[in-house]
Amino acid sequence: MSAPATPALPVVTGPHGGARDAVAEYPVAAARPRRGRLRVAPVARGLARRQPLAAAAFVAAVAFAAMVVVNPVQVAVLLAFILAVLALSGHLRDSLPYVRIAMAVGLFLAVLNPLFSRGGLDVLWETDLGPMTITVTVQGMVFGITTAMRLTAVILAFALLNVALDPDDQLGLLSRFSFRSGLVLSLASRLFPVLSNDAARIADAQRSRGLELDRGTRRQRAGARVPLLSALLTRSLERALDVAAAMEARGYGAARRSRWLHRRPWRAADAALAGGAALAAVAVLAGLLAGQTAYSFYPLLDDPRPQLLDAWWLVALAGLVVPAGIALRRGRR
Amino acid sequence: MTSIARLEHVTYTYPGAPHAALCDVSLAIEPAEVILVLGGSGSGKSTLLRALNGLVPHFHGGTFAGRVTVDEFDTRTARPSDLARRVGLVFQDPESQAVMTTVEREIAFGLENLGVESTAITRLVEEALISLGLSRLRHAPLKELSGGELQKVALAAVIAAQPHLLLLDEPTSQLDPVSSEELLAAIRRLSEDTGATIMLAEHRVERCLHLATRVLFLEDGAVAVDATPQDFARWAVAGHRELLPPVARLFAKRLNGQAAAHAERGRLPMTVKDARHMLDLVEDAAPRRRAASAGTEPGDVVLEVRRLTVGYEGDEPLLEDVDLRLHRGELVALMGENGAGKSTLVRHFNGLLAPLRGELRLLGRDVGDLSVAEAALSCALLGQNPNDYFVRDTVAEEIDFTLAQLPVDDRRRRELAERIVRELDLTGLLERDPRALSGGERTRVALAAVTCGDPALVVLDEPTRGMDPAHKFELAATLRRWTRDGRCVVVVTHDVEFAARCASRVIVLGDGSFLADGPTAEVLNGSLFFSTQVNRLLHHALPGILHEDEVAWEVSPQ
Amino acid sequence: MRALHLDLGRLTLLALVGLAAILAAWATLDPGAVDWGTVSFALVLALVGLGIAAYGARATAASELSLVAALAALATASRVLFASLPNVKPVTFVVLVSGVALGSGPGFMVGATSALVSNLFFGQGPWTPWQMLAWGAVGAAGGLIGRGGRLPRRWELVVAGGLLALAFDWFVTLWMFLAYTARSWPAFVALYAQGLPFDLAHVAATCLFAGLFGVQAVTIVARFRVRTRVTFVGLEDAP
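Residues numbered from 1 in each chain as written. Chains lettered and ligands numbered in written order. Predicted model: local features only at pLDDT ≥ 70, side-chain atom pairs only at ≥ 80, totals over all residues.

**Q** So, the overall build of chain A: which residues are in play, and what are the values?
**A** Helices and strands together make up the secondary structure of chain A, namely eleven helices and two strands. Listing each helix as α and each strand as β along chain A from the N terminus yields α-α-α-α-β-β-α-α-α-α-α-α-α. Scored against the burial criterion, the 333 residues of chain A give a buried share of 51%. Within chain A, contacts between residues separated by at least 24 positions form 76% of all contacts whose residues are at least 6 apart in sequence. (Helix = DSSP H or I, 4+ residues; strand = E, 2+ residues; numbered from the N terminus. Buried ≥ 20, exposed ≤ 12 C-beta atoms within 10 Å, placed from the backbone. Contact = placed C-beta atoms within 7 Å.)

**Q** Quick one: what's the story with the domain arrangement of chain B, residue by residue and with numbers?
**A** All names here are of chain B. Domain boundaries assigned for chain B yield domain 1 (5-227), domain 2 (295-378 + 456-521) and domain 3 (392-454). Measuring from the centre of the C-alpha atoms in domain 1 to the corresponding centre in domain 2 gives 36 Å. Of the residues lining the interface, ten residues belong to domain 1; the matching set on domain 2 comes to nine residues. Taken together, the residues that form the side of domain 1 that touches domain 2 break down as three nonpolar, five polar and two charged. (Domains from an automatic or database assignment. Nonpolar A, V, L, I, M, F, W, Y, C, P; charged D, E, K, R; others polar.)

**Q** Would you mind going over the confidence of the model for chain B in detail, with residue names and values included?
**A** Low-pLDDT stretches of the model should not have their predicted coordinates read in fine detail. The pLDDT averaged across chain B works out to 90; a share of 97% of its residues lies at or above 70. Across the assembled chains, the prediction reports ipTM 0.91 with pTM 0.90. (pLDDT = per-residue confidence, 0-100.)

**Q** Hey, could you go over the domain arrangement of chain A for me, with residue numbers and the actual values?
**A** Often, the extent of an interface is quoted as the loss of accessible area on bringing the components together. Domain parsing of chain A yields domain 1 (51-173 + 266-328) and domain 2 (179-249). Once you take the C-alpha centre of each, domain 1 of chain A and domain 2 of chain A turn out to be 39 Å apart.

**Q** Quick rundown of the sheet that holds strand β14 (residues 331-336) of chain B? Include the residues and the values.
**A** Sheet strands pair via backbone hydrogen bonds, and the direction of the pair is either parallel or antiparallel. All names here are of chain B. Strand order in the open sheet made by the six strands is β17-β18-β19-β14-β20-β21, with mixed pairing throughout. The open sheet terminates on both sides in strands that have one partner only, identified here as β17 (379-382) and β21 (513-519). Averaged over all adjacent pairs, the angle separating strand axes in this sheet is 15°, with direction ignored. Bridge count for β14 against strand β19 (residues 488-492) is four bridges, and the pairing is parallel. (Pairing = 2+ DSSP bridges. Axes fitted to C-alpha atoms, helices over the stretch in contact; angles between N-to-C directions.)

**Q** For the confidence of the model for chain A, give the residues involved together with the corresponding values.
**A** Residues and elements named next belong to chain A. Scored by pLDDT, chain A has a mean of 79; 85% of the residues are at 70 or more. Here helix α1 (residues 26-31) stands out as the element of chain A with the lowest mean pLDDT, 36, in contrast to helix α9 (residues 226-249), whose mean of 94 is the highest. Here residues 1-37 is a poorly scored stretch, pLDDT under 50, and it has 87 contacts once near neighbours within four places are set aside; other chains count.

**Q** Explain the sheet that holds strand β10 (residues 222-227) of chain B to me, using residue names and the numbers behind them.
**A** All names here are of chain B. Spatial strand order, β6-β7-β8-β3-β9-β10: six strands in an open sheet with mixed pairing. Edge positions in the sheet fall to β6 (87-90) and β10, since each of these pairs with one other strand and no more. With strand direction ignored, the average angle separating the axes of adjacent strands in the sheet is 20°. Relative to strand β9 (residues 214-219), strand β3 (residues 34-39) runs parallel, the two being bridged by five bridges. The residue bridging Val37 from the neighbouring strand is Leu216, located in β9. Where helix α6 (residues 147-159) meets the sheet, it contacts β6 and β7 (165-169), and its direction lies at approximately 175° from that of β6.

**Q** Can you break down the nonpolar core residue by residue, with the values?
**A** If you look at the biggest cluster of nonpolar residues, it comprises 355 residues, and the most contacted ones within it are Val62, Ala65, Ala157 and Leu160 of chain A, Ala156 and Val459 of chain B together with Ala73 of chain C. Not counting residues up to four positions away in its chain, the partners in contact with Ala156 of chain B are Ile107, Ala128, Leu129, Leu132 and Leu134 of chain B. (Core = buried A, V, L, I, M, F, W, Y, C linked by C-beta atoms within 7 Å.)

**Q** Run through the pairing of strand β4 (residues 62-70) of chain B, naming residues and quoting values.
**A** Residues and elements named next belong to chain B. Of the strand pairs in this sheet, strand β1 (residues 5-13) and β4 are connected by seven bridges, and their pairing is antiparallel. Looking across to β4, one finds that Glu8 is bridged to Arg67. A loop of two residues connects β4 with strand β5 (residues 73-74), the two strands running antiparallel in sequence, and Asp71 in this loop sits at a positive phi of about 50°.

**Q** Let's hear about helix α6 (residues 128-145) of chain C: which residues, and what values?
**A** The end-to-end C-alpha distance of α6 of chain C is 26 Å, a good match for the 26 Å that 18 residues give at a rise of 1.5 Å each. Within α6 of chain C, 16 of the 18 residues are buried, which leaves it mostly tucked inside the rest of the structure. (Expected span 1.5 Å × (residues − 1).)

**Q** So what's going on with the packing of helix α3 (residues 62-81) of chain C against helix α5 (residues 104-122) of chain C? Residues and values would help.
**A** A packed helix pair is summarised by two numbers, namely the angle formed by the two axes and the spacing between the axes. Residue and element names in this part refer to chain C. Across the interface, α3 lies against α5 with an axial gap of 8 Å and an inter-helix angle of 50°. With respect to α5, the axis of α3 lies oblique. Here the hand of the crossing between α3 and α5 comes out right-handed. Residues Glu64, Val68, Ala69, Leu71, Ala72, Ala73, Ala75 and Thr76 of α3 form the contact with α5, whose participating residues are Pro106, Met109, Val110, Thr113, Ser114, Val117 and Ser118. Of the residues that constitute the contact of α3 with α5, the class distribution is ten nonpolar, four polar and one charged. (Parallel < 35°, antiparallel > 145°, perpendicular 65-115°, else oblique. Left-handed = near helix turned anticlockwise from the far one by under 90°.)

**Q** Just give me the short version of the interface of chain A and chain C, but keep the residues and values in it.
**A** Taken together, the 83 residues of chain A in the interface contact 84 residues of chain C. Of the residues contributing to the side of chain A that touches chain C, the split by class is 53 nonpolar, 19 polar and eleven charged.

**Q** Describe the environment of Ser95 of chain A, and please don't skip the residues or the numbers.
**A** Residue and element names in this part refer to chain A. Within the secondary structure, Ser95 is located in the loop between α3 (72-88) and α4 (96-116). Of the residues examined, Ser95 has 25 C-beta atoms within 10 Å and is grouped as buried. Sequence separation of Ser95 and Gly291 is 196 residues, and the distance between their C-alpha atoms is 33 Å. In contact with Ser95, not counting residues within four places along its chain, are Leu86, Leu156, Ala159 and Val163.

**Q** Kindly report on the packing of helix α4 (residues 91-102) of chain C against α5 of chain C, identifying the contributing residues and their values.
**A** All names here are of chain C. Following both chains from N to C, one finds α4 and α5 inclined at 160°, their axes separated by 7 Å at the closest point. Taken together, α4 and α5 sit at an angle that is classed as roughly antiparallel. Considering how the two elements wind past one another, α4 and α5 form a crossing that is right-handed. Across the interface between the two elements, Val91, Val95, Ser98, Gly99 and Leu102 from α4 touch Ser104, Pro106, Gly107, Val110, Gly111 and Ser114 from α5. By residue class, the composition of the contact of α4 with α5 is five nonpolar, six polar and no charged.

**Q** Talk me through the pairing of β7 of chain B; I want residue IDs and the actual numbers.
**A** In summary, the side chains of a regular strand alternate between the two faces of the sheet. All names here are of chain B. Of all five residues making up β7, five are buried, and the element is well covered by its neighbours. Side chains of β7 alternate between two faces, with Leu165, Leu167 and Asp169 and Leu166 and Leu168 buried alike. Pairing between β6 and β7: four bridges, direction parallel. Each residue of the ladder has a partner; that of Gly88, found in β7, is Leu166. Judged from the five bridges that link them, β7 and strand β8 (residues 197-201) form a sheet pairing that is parallel. Note that in β8 the partner of Leu166 across the bridge is Ile198. In this region the chain leaves β7, passes through helix α7 (residues 177-194) and returns to the parallel neighbour β8; the handedness of that crossover is right-handed. (Right-handed = clockwise from strand over helix to strand, strands pointing away.)

This is how it looks when you write it as structure tokens:
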């Protein structure tokens, strides 16, 4: 099983699908021929050694809990738990990009919410801004910090997903969900690095014939790349046809299809993980529907302590923490 | 012995195509044959192979007449997925064949399609990996494999299904010589160990003619020759010498003027080993050196490189502290094993890559000060894939597109356009879509697009990949003409025969420096790896001889 | 265990849709108490799952599958071309063109797959389902524009591109607003304002591409669409 993938470039994605990309200048990255020198895959640790399905269920339960829970103390506990799992899996450093973006967005939320929410009674600071009145209250601040923590917890839960499941595992899971869609995804994942290299080569080729791509205004530079986009489009469609011919030549479309099951057999740790996740998810859902997850910040902060003893919370914690402890135990699988 | 496959009067036209791709082809393929399919680009080799596994006509559409039977299946009624059990096809482009992201999944994909049971798949995947020496790559992601490894994976995936008929469509055309040899060796092993019937379409005649039991030569969609390799060679002597291996061409010169002699003395050698054996047998003539034409004096310096260190950040440098001077009138062949840094080096000439240390001066100006587009006025670089250059719909527009970037007036632009069209013989192709052209034509058009601005230095990176022999000869002639006109041409190539034919100077890269740098006749003479067939045969007797044009047979006095 | 594997897909889809239904019902019955962040996430996830399962249920030919995959890969890989121009994202443009040329179903798939592939390589996040649905919708909308195989005019593509890019940005920010703010108007304005430079760049880039290259791109992709695979098998010439 190959190691969990880490983002190869110092990328910071975000809700806008990469609007905040910090992709390294491509010619250096793409021109390097990564040929014939296989990187030695590091040994999978912690969560990555579990069955992908179990690990995915676990992460889903954690993310679900992180989304639902509002009580500041409960949120803090969850966040600490996620960080602990990341650390014990040895992937805290790999998840730094996620931490960074979580902190960036979280900071924004921690500032935004106190400024623009109302209803708290303990006023810290008040000012008038045109038609609006800005009131910063203690309740607002706690709300802001709590939402920042909640978002961080969710983002880090997804970091956990990327750490526990390498792209190959993710593809495998998705193809069990739907074979053809999984095949499309697999094909797209296969073609993406190929087309990226094509893109870099096409850009270099056009530069070599005198097309100026690197100087001028942004609009000029963007416009100069349109013919490249056209060439890349045609290239990718040609590749699509070649791949389709190869698929048919390998028998795709025949009536009866089998599936190669070559997973390791499920161990107790895997079952515990999956079972605990299911239990936790059900507990959280029950708590949500019963209204017990609610916590109000306004007009006064609720006492966070009673909710810590709620049945749903305790069951959910047990369902998450215990199997995680088993799963992260060092030693034999 | 019943045939494995049979074609009967097959005529096929691709949809929208003006001419038929296959014209009235009739063939029978017997078990355990190794058939070499030769022919220029567009002659129908690929179509012939695809007709045998059902892609033609079911995948491509078009008009199909005649009948193709494989085992008991008629391809009119059987779809490619039915035939996949019996026929395997390995395609030309290593990057566009794979569907999955790791090696073992890729091999398993075909087996899953055929409904093979899971435990059987595990075993077949394992055995396919072992038989092609890919075991250590089992979990490797495909994006990290080299072209040669990818083609081996493709072959493994195909043989895992244990087909009766194995088809290979120019599988080595995108590969370097070492990987090609490995692949061809694997194919030969398959043939010998399993008795599989193999049909191989190839351009590199000298590498596979001796493997074949039968040769098919296609011309304009019809089978022009269907014979044993020896009979094919005798036919080729008459009008298609470029299809012969160099040693065969050498011995063919001896047959000039004679009728096809009887068996032993009329035989043509396919390998150097054959040729050496025959040299001993030949009593009535011996090879002699022909008077060589005087070389041209090199002109002004076009590119000067000082203390250059080349490589990628964080890795071992590919070249350290090298000096180089390139002059007008030189045709330099840059050779070296894969990964030695040849392509990386030449990309410094026009500024695509920046050196780690050192400086380059192009016509006196520091390359670091120029943008790539500015450097392109003096240094044209043609990459390995001509398709990367095509952004317009016709050849004429491509040339105009490049010329539009030049800081010259319209009259000069027209002059340059006419000149390049003349030089590269593109008059008939001006209104065609560059992507629809054959391999050799595409390289010519891409070359025109890059050099129409009349640069002093022209660099070509592996221009002969996948090129048929006739076009190679043409390209060699064009490049020599350009050097005579005063340009400097650098060709990065693995093709020693091609380099021997047109280069005046050879540089061999390796181990961080230039292992050799000198006139072609010196560097390629007596070399262990970088030498031509003719040189291997004759370098003791006639040192410095590289190809058969330099040799004449002198009839010994009886 | 075998049976479980076979039904995993349907099981997951059922669970997703079930969860979304429960939450949606709860939201309508008791809007005050509901956690909009969770409900919206579940809804989006269920819709995406349904869309993907629906596409996968069709028996599509290899050439359409690989075309969709290649366009999705292209959408992400084209970012390489614009690496030195941050915020110029051609993804929305490519997805739109795919939808126009291939139809709503494949267009949705191109959009959803683009989001998945790009996040497969650059890291999944909670915004993944939102991007998948949003870009999927862009592709589906493209299908409506190109309905019946018509070739749209340039201005249609520019306007559609701009509006869809705007809608995309609005949609993916929506979850943040619903889940992590006090859901007041000022918060709404502030949240969207901070994303404005990126949104504007996105809209500008999409309109630029659509204007310079849109119609041509649709023509190119349409040409590669599953060709008429009608084989006119001629009369057999019996030997």
